[in-house]
Amino acid sequence: MPSKPKLKIAAVAGGVGASKLLLGLYEVMDPGLLTIIVNTGDDIVLHGLKISPDLDIVTYTLAGIVDAAKGWGFRGETFHALKHLAAYGRPNWFNLGDRDLATHIHRTASLAEGKTLSEAADSIRLALGVKSRILPMSDSPVPTIIDSSEGPLHFQEYLVKRRTEAVVKGIRFASVESARPAPGVLEAIRDADRILICPSNPLISIGPILAVPGIREELRANKEKVFAVCPIVGGKSLKGPSDKMLAQLGRDSSALGVAKLYADFTGTFVIDPADKSQSAAISALGMQVAVLPTVMKTLAHKRKLARDLLSLPPALPL
Ligand code: FO1
C-alpha cells in the first residue's frame, strides 16, 4: 500500500457529484486532514423540517450508508412516514425516507434549541462516525431560487418536483449579501495545502458557495493552491443538469465554459482526456491545465483521481 500523503485538504463541494471524489479522498488520505465546505443553497424546509440535502449526501457517503445507486438517502430506506404525511394532505414530491427523517428532526430540533447549522452538521457527522470535518458554507439560509419559464422556483422544486423541465432564465441566492461564511470556512481555505473544487454543478452547487461574501476572495488569495475538477466532460454533465442549465443561460456547456467561470480563483484546472483539445484555450485564461481521467464509475476510479490530484504540483505563482 502506498503511504497516505500528509497534506491538509479543503474541498469545496455540492452533493452527489462531489461525493464520488470525496469518497476517494477519504480513503487515500488521512481523513482527519480533510475539511469539506458544503453548499447549503439546496436546503429547504418541508413539513416544518430543515432539510440540508448536500450536507447529508456528503455525510452519508463518507459514513458508508448512502444509497449508492441514487447517490442520496440511506441504503435500504423505507418510506412509511412519507406515505402517512401524504394521507394528511402534505406534499410527497420530495422523497424523505424514514431513517433520513431522523436526521432532519435532529437538525431541526438542534436549531430550535439554539444551536447553529454548523453545530448540527458536526453532531450528525460525529454520530455517524465520519472523521473529516463537514462545514456548511454559511450558518444562515441562502436558498437558491431558479427564475424560470414557470416563475421563481426553489431549487428543489425545479430539480425534483419539476424534473428540470422549466426553462432556466436566471439563478439567485436569496439573502446571500447578508450571509457570512460558517465558522472555520475561511480558515480551512487559508490553512489548506490544497483546495479542491469538486466536480459539482458550477452554477447551483459551487456557485452559491462562491457567492457567500468572503469565500471567493479567500480562494483568489490562495489561487496557486486551488485545483478545480471540471464537472463537464465531452460537453455533458458528469451528474445532474449542469449542461442544460449552462446552455439555457447562454453559456458554453463545455470544459472551457466552466473554466471561464473559475478562472479568477483557480490555479490548476483539471480536465478529462476527452477535452484535451481545449487545453490551450483554458491555459490562455491564466490557469495551468492538468489532464486526468475524471469519470468515476468505480471506487477504484474515485481513489485514482484522488491520488492523482494529491500528487499534482501546485501551480506556479500566477
Ligand atoms: N433527489 C431527487 O431527485 N428526488 C428526491 O425525491 C430526493 C429526495 C432527497 C431527500 C433527501 C436528500 O438528502 C436528498 C434528496 N434528493 C432527492 C437529492 C437532492 O435533491 C439533490 O440531489 C441535491 O440537492 C443536489 O445536490
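Every value quoted in this text rests on a predicted model; they were computed, and no experiment measured them. (Residues numbered from 1 in each chain as written. Predicted model: local features only at pLDDT ≥ 70, side-chain atom pairs only at ≥ 80, totals over all residues. Heavy atoms only, no water.)

1. Let's talk about the site of the ligand
Okay, so step 1: For the ligand, the full set of nearby residues is G15, D42, P53, D54, W72, W93, F94, N95, D100, Q156, L159 and V160.
Okay, so step 2: Taking N95, its side chain carries an N or O atom lying 2.7 Å from an oxygen atom of the ligand.
Okay, so step 3: The contact in question runs from an oxygen atom of the ligand to an N or O atom on the side chain of Q156, over 2.7 Å.
Okay, so step 4: In the complex, 87% of the free accessible area of the ligand, which totals 530 Å², lies under the protein chains. (Near = heavy atom within 4 Å. Polar contact = N/O pair within 3.5 Å; in protein donor to acceptor, adjacent residues only side chain to side chain. Areas by Shrake-Rupley, 256 points an atom, 1.4 Å probe, with all protein chains shown as cover.)

2. Notes on the packing of helix 4 (residues 98-112) against helix 5 (residues 117-127)
Okay, so step 1: As a packed pair, helix 4 and helix 5 sit with axes 9 Å apart at the nearest point and diverge in direction by 140°. Taken together, helix 4 and helix 5 sit at an angle that is classed as oblique. In the crossing of helix 4 with helix 5, the sense of the turn from one axis to the other is right-handed. Here T103, H106, R107, S110 and L111 of helix 4 come into contact with helix 5, specifically with L117, A120, S123 and I124. (Axes fitted to C-alpha atoms, helices over the stretch in contact; angles between N-to-C directions. Helix = DSSP H or I, 4+ residues; strand = E, 2+ residues; numbered from the N terminus. Parallel < 35°, antiparallel > 145°, perpendicular 65-115°, else oblique. Left-handed = near helix turned anticlockwise from the far one by under 90°. Contact = heavy atoms within 4.5 Å.)

3. Some remarks on helix 13 (residues 299-311)
Okay, so step 1: With 13 residues, helix 13 ought to run about 18 Å at 1.5 Å a step, and its terminal C-alpha atoms sit 18 Å apart, in line with that.
Okay, so step 2: Listed as buried for helix 13 are K302, L305, A306, D308, L309 and L310.
Okay, so step 3: For helix 13, the elements touching its buried residues are strand 1 (9-13), helix 1 (16-28), strand 9 (194-197), strand 10 (226-229) and strand 13 (268-271). (Expected span 1.5 Å × (residues − 1). Buried < 20%, exposed > 50% of the residue type's maximum accessible area, 1.4 Å probe, protein only.)

4. As for the domain arrangement of the protein
Okay, so step 1: Considered domain by domain, the protein is made up of domain 1 (9-142 + 174-311) and domain 2 (144-173).
Okay, so step 2: Centre-to-centre, using C-alpha coordinates, domain 1 lies 19 Å away from domain 2.
Okay, so step 3: Contacts between the two partners involve 22 residues from domain 1, matched on the other side by 20 residues from domain 2.
Okay, so step 4: Regarding the contact of domain 1 and domain 2, the summed buried area is about 1700 Å², with carbon and sulfur atoms giving 67% of it.
Okay, so step 5: On inspection of domain 1 and its partner domain 2, the count reaches zero salt bridges.
Okay, so step 6: Applying the counting criterion to the domain 1 and domain 2 interface returns eight residue pairs in polar contact (both at pLDDT 80 or more).
Okay, so step 7: Counting only elements with at least two residues in the side of domain 1 that touches domain 2, the list comes to helix 8 (206-211) and helix 10 (242-248).
Okay, so step 8: Looking at the side of domain 1 that touches domain 2 residue by residue, the classes come out as 14 nonpolar, four polar and four charged. (Domains from an automatic or database assignment. Buried area = accessible area lost by both parts, 1.4 Å probe. Salt bridge = Lys/Arg side-chain N within 4 Å of Asp/Glu carboxyl O. Nonpolar A, V, L, I, M, F, W, Y, C, P; charged D, E, K, R; others polar.)

5. Describing the sheet that holds strand 8 (residues 168-173)
To summarise the sheet geometry, strands pair through backbone hydrogen bonds and adopt either a parallel or an antiparallel arrangement.
Okay, so step 1: Pairing in this open sheet of three strands is antiparallel, and the strands run 7-6-8 from one edge to the other. One side of each edge strand has no neighbouring strand; the edge strands of this open sheet are strand 7 (151-154) and strand 8. Neighbour-to-neighbour, the strand axes of the sheet open up by a mean angle of 25°, direction not taken into account. (Pairing = 2+ DSSP bridges.)

6. Here we look at the pattern of salt bridges
Okay, so step 1: Applying the stated criterion across every chain, the model contains 15 salt bridges.
Okay, so step 2: Between R125 and D122 there is a salt bridge, with the nearest N and O atoms lying 2.9 Å from each other. Note that R125 and D122 are positioned in helix 5 at a spacing of three residues, about one turn of the helix.
Okay, so step 3: Judged by its relative accessible area of 9%, R125 is buried.
Okay, so step 4: Residue classification places D122 among the partly exposed positions, given a relative accessible area of 27%.
Okay, so step 5: Here D264 ties to R220 by a salt bridge, and the two come within 2.8 Å at their closest N and O atoms.

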